[in-house]
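Tertiary structure, described
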Amino acid sequence: MSGAVTKTSSTQYIPLFTPVFNPIWTGNILKTGPCNRASNLLGYCQQFNEMPSRKDAMSSYDSNFYELEVLDKEFLNNSVVRLRMVSPQKRGMEYQAGQFLNIELADGDVRSYSMANVWANDGVIELHIRLHKHGKFSELLRTEIEPGSRLKVHGPYGNCTRVNPASTSSKILMLATGTGLAPLKALLEQILEAGSKNPVWLYWGGRGSSDLYFSKQMRDLENAFGKFHYIPVLSNPEPAWSGEVGYIQQVAARDHPSLNDDYVYACGAPAMVNAARVILTKTCNLPDQAFFADAFGQLVTGSVTPNQLVKVSMHGPNGQSTQLNLPEGSSLMEALRIGGHIKGICGGHASCGTCRVNINPKWVEKLKPVSHAEKRLLTTLDEFRSGDRLACQLIVTKTLMGLDFTIPDHLW
Ligand code: FES
């Protein structure tokens, strides 16, 4: 038995995380370590699609929790692993192409990954996971997670799913770097399976050809579907490379100088997503609302150097009150999660609602305004009340000194 994974003779488990309310915790630890964000989903959500089941899915913590069993683990190149999982029980996690899930680690930390395949009745979920040198989950993947291991999974999250193009002549451009391919592959499968008449271009970028770990599969799809075009682009190619060289957004803009009636999905490095949005909307006349990327840009991180503790008052069930000293610089969600006071299951991406707090009316006006994304999520949650905020969207700074808030009963 290791600290992270418990093994039995037949099955391996990632143990369940049990939040513990610690009324004397003073929160004077600033969490450091690998970023929680998915390596394969970074960007800025420009448009949301309605998902009617969302309210039900998020109405209780357990309703979007699944224990999934690893079917197989395959290295796609030196640093990308394909993990396929399935629910050992009947209840599988249904999702839409373009959504992501969170894997909960033993210490409550989460890692977010996009589903790389379209949902099917067999319930198999495919993830493409980039391994990081000192990553906590990467290490588990290298050494402990094997077929038969069980993982705690929450989801699905995210609203950047497929939209139906206004016209069958509208082009669909997909731009991915690295494992940003994963959600676009799922969307692509969905589009092709549906027999869409819209032409689709996939621009996939990497430094060298080994980064494009699914090139053969993409070529096979291109050969099978006449309306699908695959354009690999390398920024630092080997001498033998005869394909496109440069950055995918520039190659796409060159190939498609007019995108007035078309759609773009971008997924990968934030720099690429930002650059793609600018060049395609400004130069190629792509409408802003036709540019889709993932919601991970909603992640709020502090830019403040932690140099003091901020005292806040937290109230729980039955009027129970606690004074906490939180470190400057982290989000309120992170600071509370370290103490086990809230879950923050989506890792701060304004997607789960498990970090909801209700702000004392005296403080409501003093906080930064609610963003569009935050409002959109809050108003879908059960029992939404005036003064509700997502703790993941608030940074702990000294302006919050004396903040007074309540954690809703059902989140304890
Ligand atoms: S942590 Fe999920 S919405 Fe804030």
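Residues numbered from 1 in each chain as written. Predicted model: local features only at pLDDT ≥ 70, side-chain atom pairs only at ≥ 80, totals over all residues. Heavy atoms only, no water.

As named in an unreviewed UniProt entry, the protein is 2Fe-2S iron-sulfur cluster binding domain-containing protein, taken from Paludibacterium denitrificans.

Once that is clear, we can look at the overall build of the protein. Broken down by element type, the protein carries nine helices and 19 strands. By residue count, 55% of the 412 residues in the protein fall in the buried class. Excluding contacts between residues fewer than 6 apart, the proportion of contacts in the protein whose partners are at least 24 apart in sequence is 75%. A total of about 17,800 Å² of accessible surface is found on the protein, and carbon and sulfur atoms cover 51% of it. (Helix = DSSP H or I, 4+ residues; strand = E, 2+ residues; numbered from the N terminus. Buried < 20%, exposed > 50% of the residue type's maximum accessible area, 1.4 Å probe, protein only. Contact = heavy atoms within 4.5 Å. Areas by Shrake-Rupley, 256 points an atom, 1.4 Å probe, with all protein chains shown as cover.)

Next up on the list: the packing of helix α5 (residues 248-255) against helix α6 (residues 270-282). Where α5 meets α6, the closest approach of the two axes is 9 Å, and the angle between their N-to-C directions is 20°. By the angle between their axes, α5 is roughly parallel relative to α6. Taken as a pair, α5 and α6 cross one another with a handedness that is right-handed. When α5 is examined against α6, the residues Ile248, Gln249, Gln250 and Ala253 are found in contact with a partner set consisting of Met272, Ala275, Ala276, Ile279 and Leu280. When the residues that make up the contact of α5 with α6 are grouped by side-chain class, the tally is seven nonpolar, two polar and no charged. (Axes fitted to C-alpha atoms, helices over the stretch in contact; angles between N-to-C directions. Parallel < 35°, antiparallel > 145°, perpendicular 65-115°, else oblique. Left-handed = near helix turned anticlockwise from the far one by under 90°. Nonpolar A, V, L, I, M, F, W, Y, C, P; charged D, E, K, R; others polar.)

Let's shift gears to the pairing of strand β13 (residues 263-267). In terms of burial, β13 is largely enclosed, as five of its five residues are buried. Here β13 shows a buried face lined by Tyr263, Tyr265 and Cys267 and a second buried face lined by Val264 and Ala266. Here strand β9 (residues 172-177) runs beside β13; their pairing, made up of five bridges, is parallel. Across the sheet, residue Leu175 finds its bridge partner in β13, namely Ala266. A crossover connection joins β13 to the parallel strand β14 (residues 291-293) through α6; in handedness this β-α-β unit is right-handed. (Pairing = 2+ DSSP bridges. Right-handed = clockwise from strand over helix to strand, strands pointing away.)

What follows is about the environment of Ser149. For Ser149, the position within the fold is in strand β8 (residues 149-157). Through-space distance from the C-alpha of Ser149 to that of Met85 is 9.3 Å; in sequence the pair is 64 residues apart.

With that settled, the discussion passes to the sheet that holds β9. Here six strands make up an open sheet; going across it, the order is β12-β11-β10-β9-β13-β14 and the pairing parallel. Each of the sheet's edge strands pairs with one partner strand only, and the pair in question is β12 (244-245) and β14. In this sheet, strand β10 (residues 200-206) lies alongside β9 in parallel orientation, the contact comprising six bridges. Residue pairing for β10: Thr177 is matched across the bridge by Gly205.

Read across the sheet, five strands follow the order β16-β15-β19-β17-β18 without closing on themselves; strand pairing throughout is mixed. In this open sheet, the two edge strands, each paired with only one partner strand, are β16 (321-327) and β18 (388-390). Going across the sheet, the axis of each strand differs from the next one's by a mean of 40°, ignoring polarity.

Here the structure, examined in full by the defined rule, presents 19 salt bridges. The partner of Arg84 in a salt bridge is Asp72, and the shortest N-O contact between them spans 2.9 Å. Residue Arg84 is located in strand β4 (residues 80-86), and its partner Asp72 is located in strand β3 (residues 65-75); the two are separated by twelve residues in the primary sequence. Here Arg84 falls in the partly exposed class, since its relative accessible area comes to 27%. Across the pair Arg389 and Glu374 runs a salt bridge, and its minimum N-O distance is 2.8 Å. With Arg389 in strand β18 and Glu374 in helix α9 (residues 372-378), the pair connects residues that are 15 residues apart, well separated along the chain. By relative accessible area, Glu374 is classed as buried at 1%. Residues joined in a network through salt bridges with shared partners are Glu74, Arg82, Glu126, Lys185 and Glu189. (Salt bridge = Lys/Arg side-chain N within 4 Å of Asp/Glu carboxyl O.)

A few words now on the nonpolar core. Among the nonpolar cores identified, the biggest contains 50 residues, and Met174, Leu175, Tyr203 and Leu280 are the most heavily contacted of them. The biggest single contributor to this core is helix α3 (residues 181-193), with seven residues. Taken domain by domain, the makeup of this core includes at least three residues from each of domain 1 (46-157) and domain 2 (172-297). Those residues within four positions of Leu280 in sequence are excluded, and the remaining contacts are Leu175, Gln249, Ala253, Leu259, Val264, Asn285 and Leu286. If you look at the next biggest cluster of nonpolar residues, it comprises 29 residues, including Met333, Leu336, Leu377 and Phe405. (Core = buried A, V, L, I, M, F, W, Y, C linked by side-chain atoms within 4.5 Å. Domains from an automatic or database assignment.)

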